[in-house]
Amino acid sequence: AVQLVESGGGLVQPGGSLRLSCVASGFNFARYEMQWVRQAPGKELEGLAGINSAGTTTVYNSTVRGRFTISRDNAKNTLYLQLNSLKTEDTGVYYCAARWGGLVNLHNPKPKNFDYWGQGTQATVSS
């Protein structure tokens, strides 16, 4: 069965850091483009960052560019998101998502646009 399992969320103070992981199984991870999507309380889904299958191209939403870094290790079937300089507005559930054949527009990150979607990990930024 296909699975995307996120981890690494938690409670952190403003200005702090987190590293999220997403472990994939049940499909050929190395052939899929991967993205991170966030849902803040009471808000719509927001595409944060994407990376191509080879890990050579990344894209970021302007709200996180310079603070977050997406990366992947295809040998470990794992996607990462390094979150630095966290703000209270970064609070939300973070999902990883996979798509074969091109990155999804970060401004249209609906689950139906992806092939696979994880269950999410909660990150809370609060003092």
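Keep in mind it's a predicted model, so treat the numbers as computed, not measured.

Draft legend 1. Region of interest: the nonpolar core. Judged by nonpolar contacts, the single largest core of 27 residues is most densely connected at W36, L79, L81 and Y94. Among the elements of the structure, β3 (18–25), β4 (33–39), β5 (45–51), β7 (68–73), β8 (78–83), β9 (92–99) and β11 (121–125) are those that each provide at least two residues to this core. Among the elements that make up this core, the one with the highest residue count is β3 (four residues).

Draft legend 2. Molecular detail of the packing of aromatic side chains. In the structure shown here, the tally under the stated rule is five aromatic pairs. By way of ring pairs, the aromatic residues F27, Y32 and Y116 are connected into one cluster. Above the ring of F29, the side-chain terminus of R72 is found at 4.4 Å from the ring centroid.

Draft legend 3. Structural context of the state of the cysteines. Counted under the stated rule, the structure contains one disulfide. Here C22 is linked by a disulfide to C96, with a sulfur-sulfur distance of 2.0 Å. The S-S bond linking C22 to C96 shows a torsion near 55°; that makes this disulfide right-handed. Within this pair, whereas C22 is found in strand β3, its partner C96 is found in strand β9, the two being separated by 74 residues in sequence. For the pair formed by C22 and C96, the shared burial category is buried.

Draft legend 4. Expanded view of the pattern of salt bridges. Taken as a whole, this structure holds three salt bridges when the rule is applied. Residues R38 and D90 are paired through a salt bridge, measuring 2.9 Å at the closest nitrogen-oxygen approach. On the criterion of sequence distance, the pair formed by R38 in strand β4 and D90 in the loop between β8 and β9 is long-range, its members being 52 residues apart. Using a relative accessible area of 1% as the deciding quantity, one classes D90 as buried.

Quick notes on the rules
Residues numbered from 1 in each chain as written. Predicted model: local features only at pLDDT ≥ 70, side-chain atom pairs only at ≥ 80, totals over all residues. Heavy atoms only, no water. Core = buried A, V, L, I, M, F, W, Y, C linked by side-chain atoms within 4.5 Å. Buried < 20%, exposed > 50% of the residue type's maximum accessible area, 1.4 Å probe, protein only. Helix = DSSP H or I, 4+ residues; strand = E, 2+ residues; numbered from the N terminus. Phe/Tyr/Trp six-rings, centres within 6.5 Å; stacked < 30°, edge-to-face > 60°. Lys NZ or Arg CZ within 6 Å of the ring centre and 35° of its normal. Disulfide = S-S within 2.5 Å. Salt bridge = Lys/Arg side-chain N within 4 Å of Asp/Glu carboxyl O.

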